[in-house]
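Remarks on the overall topology
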Amino acid sequence: MSDVLEKLSQVLEERKGADPDKSYVAKLYSKGLDSILKKVGEEATETVIAAKGGNREEIVYETADLWFHSMVMLKHLGLEPEQVLMELQRRFGLSGLEEKENREK
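Presented here is an overview of the structure given in this document. These numbers come from a predicted model, not from an experiment. (Residues numbered from 1 in each chain as written. Predicted model: local features only at pLDDT ≥ 70, side-chain atom pairs only at ≥ 80, totals over all residues. Heavy atoms only, no water.)

1. Some words on helix α3 (residues 33-53)
Side chains that are three or four residues apart share a direction in an α-helix, a result of its 3.6 residues per turn. Along its 21 residues, α3 runs 30 Å from first to last C-alpha, staying within 8% of the 30 Å computed at 1.5 Å per residue. Turning to α3, its buried residues are Ile36, Lys39, Val40, Glu43, Thr47 and Ala50. Here the buried residues of α3 occupy an arc of 100° about the axis, which is enough to place them on one side. The outward face of α3, more than 90 degrees from its buried face, is lined by the exposed residues Asp34, Lys38, Val48, Ile49, Lys52 and Gly53. On its buried face, α3 is in contact with α2 (24-31) and α4 (56-76). Positioned one or two residues after α3, Gly54 has a phi angle of 85°, which is positive. (Helix = DSSP H or I, 4+ residues; strand = E, 2+ residues; numbered from the N terminus. Expected span 1.5 Å × (residues − 1). Buried < 20%, exposed > 50% of the residue type's maximum accessible area, 1.4 Å probe, protein only. Arc of directions from axis to C-beta. Contact = heavy atoms within 4.5 Å.)

2. Considerations on the layout of surface pockets
By volume, the largest pocket is sized at about 240 Å³. Around the largest pocket sit Leu5, Trp67, Ser70, Met71, Met73, Leu74, Pro81, Val84, Leu85 and Leu88, which together line it. When contributions to the lining of the largest pocket are tallied by element, the ones reaching two or more residues are α4 and α5 (81-91). Here the lining of the largest pocket is composed, by residue class, of nine nonpolar, one polar and no charged. (1 Å grid on protein atoms, 1.4 Å probe; cavity = no way out; pocket = protein on both sides within 12 Å on 5 of 7 lines; lining within 4 Å. Points joined across faces, edges and corners; volume = space filled by probe spheres on them. Nonpolar A, V, L, I, M, F, W, Y, C, P; charged D, E, K, R; others polar.)

3. Concerning the environment of Lys38
By the element assignment, Lys38 lies in helix α3. For the pair Lys38 and Asp3, spaced 35 residues apart in sequence, the C-alpha separation works out to 27 Å.

4. With respect to the pattern of salt bridges
Under the criterion given, the structure shown has seven salt bridges. Here Lys39 and Glu42 are joined by a salt bridge, their closest N and O atoms 3.4 Å apart. Here Glu42 and Lys39 lie together in helix α3, a separation of three residues that amounts to about one turn. A salt bridge links Lys75 to Glu80, with the shortest nitrogen-to-oxygen separation between them at 2.9 Å. On the accessibility criterion, Lys75 (3% relative accessible area) is buried. What you see here is one network of salt bridges that share partners, running through Glu13, Lys16, Lys75 and Glu80. (Salt bridge = Lys/Arg side-chain N within 4 Å of Asp/Glu carboxyl O.)

5. A word on α4
Here α4 is 21 residues long and its end C-alpha atoms lie 30 Å apart, about the 30 Å a rise of 1.5 Å per residue gives. Restricting attention to buried positions, one finds in α4 the residues Glu62, Thr63, Leu66, His69, Met71, Val72, Met73, Leu74 and Lys75. One or two positions beyond α4, positive phi appears at Gly78, with a value near 80°.

Structure (structure tokens):
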């Protein structure tokens, strides 16, 4: 896992015990899964809009927001970013069509 993802994962874990009045992430955790998922959805929509607009800096910015909030969701659910990276690694060498067909069985 990249150093950035590893460091962010550690910070997100630490924020679970932080004061919601002093930490954005702690506030998200305190509001629960539905609020976190709402943020993931908002960021996904903003990423799509940015991509449609074609501004590369905006696309990177919004994608960073999407990844960040997706990591908050993972940590809230007791999952690690490494698990997602391992799943991506597992898919290497499989055609997308083959992988999708295997899921549908």
